[in-house]
Amino acid sequence: MISTVHNDPGQALLERVPTHATGVVIVNLDRIASNWKALSDLVRPAECAAVVKADAYGLGAEHVIPALSAAGCATFFVATLDEAIQARTLAPSASIYMLDGIVKGAGEAVREARVIPVLSSLPEIEEWSALSQTRNDRLESALHVDTGLNRLGLAASEIQSLVTGQHLLDRLDVTLVLSHLACADDPGHPKNALQRDIFNQLAPLLPSTARSLAASDGLMLGKPFHYDLVRPGYALYGGQAFAGGTTPVEPVVAVYGKILQIRDVAPGQTVGYSATWTPQDASRIAVVGAGYADGLFRHLSRASENKVASPPAIPSPTPAYVAINGQTAPIVGRVSMDLLTIDVTNLQPAPEPGDLVELIGPNLSIEALGAASGTIGYEVLTNLRHRFHRVYVGAGG
Ligand SMILES: *Cc1c(COP(=O)(O)O)cnc(C)c1O
């Protein structure tokens, strides 16, 4: 249940939400900037970069990148070339790393974008090295070493073959060697130290002196995981990825949906598609203009289903609530494309059409919404859609 209660997004903010808006996503750019500064302080003398892939985790790279630049962030990580081209425009003098590396045949396009590919296979290194030679240049690149995640990254055997045939790397200006941790959210997991040991063996074989291992969770494992640069994404956006303590960041995102209608429902009636919920007693239901097309997972309604023939195949671990006027109200019935329904029978004062319902905010963290949706806060963020009105607070810096 929710203990702290405040449901006021702030009068000044509310005035920026058009009357006709069915919902609003509020992104606090000043908080993103202060979160970056807090993490920078935590990891100094290591550098704190910012991961802004996937449209800055759904929050709007076009706003987030300038805010972080103004705060002093000089290194950004994206996944794809399209994202890198956008980041290059938004942060003209920053270093921009592309985590997905060079998609086969795309080397020339990457070179033209003046961004740094993170290379994680021999064919990519060959393509980039050949381009370097053609251009009579030493193109910048990062090398991704696999230390046990078995996703992207050079295997130890590939590194061996690279260093025995040095010429490929001779043609490259390797600015960073990085690896990625599999279990850094769990400080007790033996894989953390194991991956660090492997990184310590493999990284020195490669030409760069700058190294990076930690993302949002890994940087909380302490100094031995910081190396020269840390790469947080989720924590910058207020996420708490690390299970072993509180990451020193503050929430960034709030999402409110508007009540469109209030209706009375008698026992025996059902609410929503597939008639999955029926009230025990006479109930008041508020219909909120927020649905899965706005990024609220349909899976949220699982826990409230009391009228299905067989129990839900994947039960929701946490009942789903929204917060309204400082109190909580359960989501009942199926979440549909544009609407969800909440039980407001016991709320005083009674909510009215036009009232805002908190879906993410001071009372409901992205992690709580993730758990109730059968997923993680990361997916809650990247799932936010652009139909709700967006309000950006501050300008970073
Ligand atoms: C996405 C990603 C990050 C950022 O992860 P967070 O958990 O959001 O901090 C860092 N490094 C790599 C390789 C990634 O793919």
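Here the structure is a predicted model, which is why all the values come from computation and not from measurement. (Residues numbered from 1 in each chain as written. Predicted model: local features only at pLDDT ≥ 70, side-chain atom pairs only at ≥ 80, totals over all residues. Heavy atoms only, no water.)

**Student:** Quick one: what's the story with the site of the ligand, residue by residue and with numbers?
**Tutor:** Near the ligand you find 13 residues, and of these Lys-53, Tyr-57, Ser-216, Gly-233 and Tyr-378 are the closest. Gly-233 places a polar main-chain atom, nitrogen or oxygen, 2.8 Å from an oxygen atom of the ligand. Here the ligand loses 91% of its free accessible area of 380 Å² to cover by the protein chains. A majority-of-atoms criterion places the ligand in the largest pocket. Considering only residue class, the shell around the ligand consists of seven nonpolar, three polar and three charged. (Near = heavy atom within 4 Å. Polar contact = N/O pair within 3.5 Å; in protein donor to acceptor, adjacent residues only side chain to side chain. Areas by Shrake-Rupley, 256 points an atom, 1.4 Å probe, with all protein chains shown as cover. 1 Å grid on protein atoms, 1.4 Å probe; cavity = no way out; pocket = protein on both sides within 12 Å on 5 of 7 lines; lining within 4 Å. Sits in = over half its atoms within 2 Å of the grid points. Nonpolar A, V, L, I, M, F, W, Y, C, P; charged D, E, K, R; others polar.)

**Student:** Requested: an account of the pattern of salt bridges, with residues and values cited.
**Tutor:** By the definition in use, this model includes seven salt bridges. Arg-387 is paired through a salt bridge with Asp-294; the nearest N and O atoms lie 2.9 Å apart. In this pair, Arg-387 is assigned in the loop between helix 12 (377-382) and strand 17 (389-393) and Asp-294 in the loop between strand 12 (283-288) and strand 13 (321-324), connecting sequence segments 93 residues apart. You can call Arg-387 partly exposed: its relative accessible area is 43%. A residue is classified by how much of its surface remains accessible, and Asp-294, at 2% relative accessible area, is buried. Of the charged contacts in the structure, one is a salt bridge between Arg-387 and Asp-338, with a shortest N-O distance of 3.0 Å. Of this pair, Arg-387 sits in the loop between helix 12 and strand 17 while Asp-338 sits in the loop between strand 14 (327-332) and strand 15 (340-343), and the two are 49 residues apart along the sequence. By relative accessible area, which is 36% here, Asp-338 ends up partly exposed. Salt bridges sharing common partners tie together Glu-108, Arg-111 and Arg-135. (Salt bridge = Lys/Arg side-chain N within 4 Å of Asp/Glu carboxyl O. Helix = DSSP H or I, 4+ residues; strand = E, 2+ residues; numbered from the N terminus. Buried < 20%, exposed > 50% of the residue type's maximum accessible area, 1.4 Å probe, protein only.)

**Student:** Describe the confidence of the model for the protein chain, naming the residues involved and giving the relevant values.
**Tutor:** Residues at a pLDDT of 70 or more form 94% of the protein chain, whose mean pLDDT is 92. For the stretch residues 1-7, pLDDT sits under 50, and the model shows 21 contacts to residues farther than four places along the chain or on other chains. Across residues 311-317 the pLDDT falls below 50, and counting only partners more than four positions away or on other chains, this stretch makes 12 contacts in the model. (pLDDT = per-residue confidence, 0-100. Contact = heavy atoms within 4.5 Å.)

**Student:** Provide a residue-level description of the packing of helix 4 (residues 61-71) against helix 5 (residues 81-90), including the pertinent values.
**Tutor:** Look at helix 4 against helix 5: their axes get within 9 Å of each other, and the N-to-C directions meet at 45°. Classified by the angle their axes make, helix 4 and helix 5 are oblique. With respect to the hand of their crossing, helix 4 and helix 5 are arranged in right-handed fashion. Mapping the contact onto sequence places Ala-61, Glu-62, Ile-65 and Pro-66 in helix 4 and Gln-86, Ala-87 and Leu-90 in helix 5. (Axes fitted to C-alpha atoms, helices over the stretch in contact; angles between N-to-C directions. Parallel < 35°, antiparallel > 145°, perpendicular 65-115°, else oblique. Left-handed = near helix turned anticlockwise from the far one by under 90°.)

**Student:** Lay out the nonpolar core in plain terms, naming residues and giving numbers.
**Tutor:** Residues Val-52, Leu-68, Ile-125, Tyr-237 and Ile-342 are the most contacted members of the largest nonpolar core, which totals 114 residues. Two domains share this core, each providing at least three of its residues, namely domain 1 (11-26 + 251-393) and domain 2 (29-237). Those residues in contact with Ile-125 that lie beyond four places of it in its chain are Leu-119, Leu-143, Leu-154, Leu-162, Leu-168, Leu-169 and Leu-172. Leu-13, Ala-21, Val-24 and Val-391 belong to the second-largest nonpolar core, a separate cluster that totals nine residues. (Core = buried A, V, L, I, M, F, W, Y, C linked by side-chain atoms within 4.5 Å. Domains from an automatic or database assignment.)

**Student:** Kindly report on the domain arrangement of the protein chain, identifying the contributing residues and their values.
**Tutor:** With domains assigned, the protein chain is organised as domain 1 (11-26 + 251-393) and domain 2 (29-237). Between the C-alpha centres of domain 1 and domain 2 there is a distance of 37 Å. Between domain 1 and domain 2, the residue contacts involve 14 residues of the former and 15 residues of the latter. For domain 1, the biggest contributors to the area lost against domain 2 are Val-252, Tyr-378 and Tyr-392; these three give 45% of the whole. Here domain 1 and domain 2 share zero salt bridges between them. At the boundary of domain 1 and domain 2, one finds six residue pairs in polar contact (both at pLDDT 80 or more). For the side of domain 1 that touches domain 2, the secondary structure elements donating two or more residues are helix 11 (366-372), helix 12 and strand 17. (Buried area = accessible area lost by both parts, 1.4 Å probe.)

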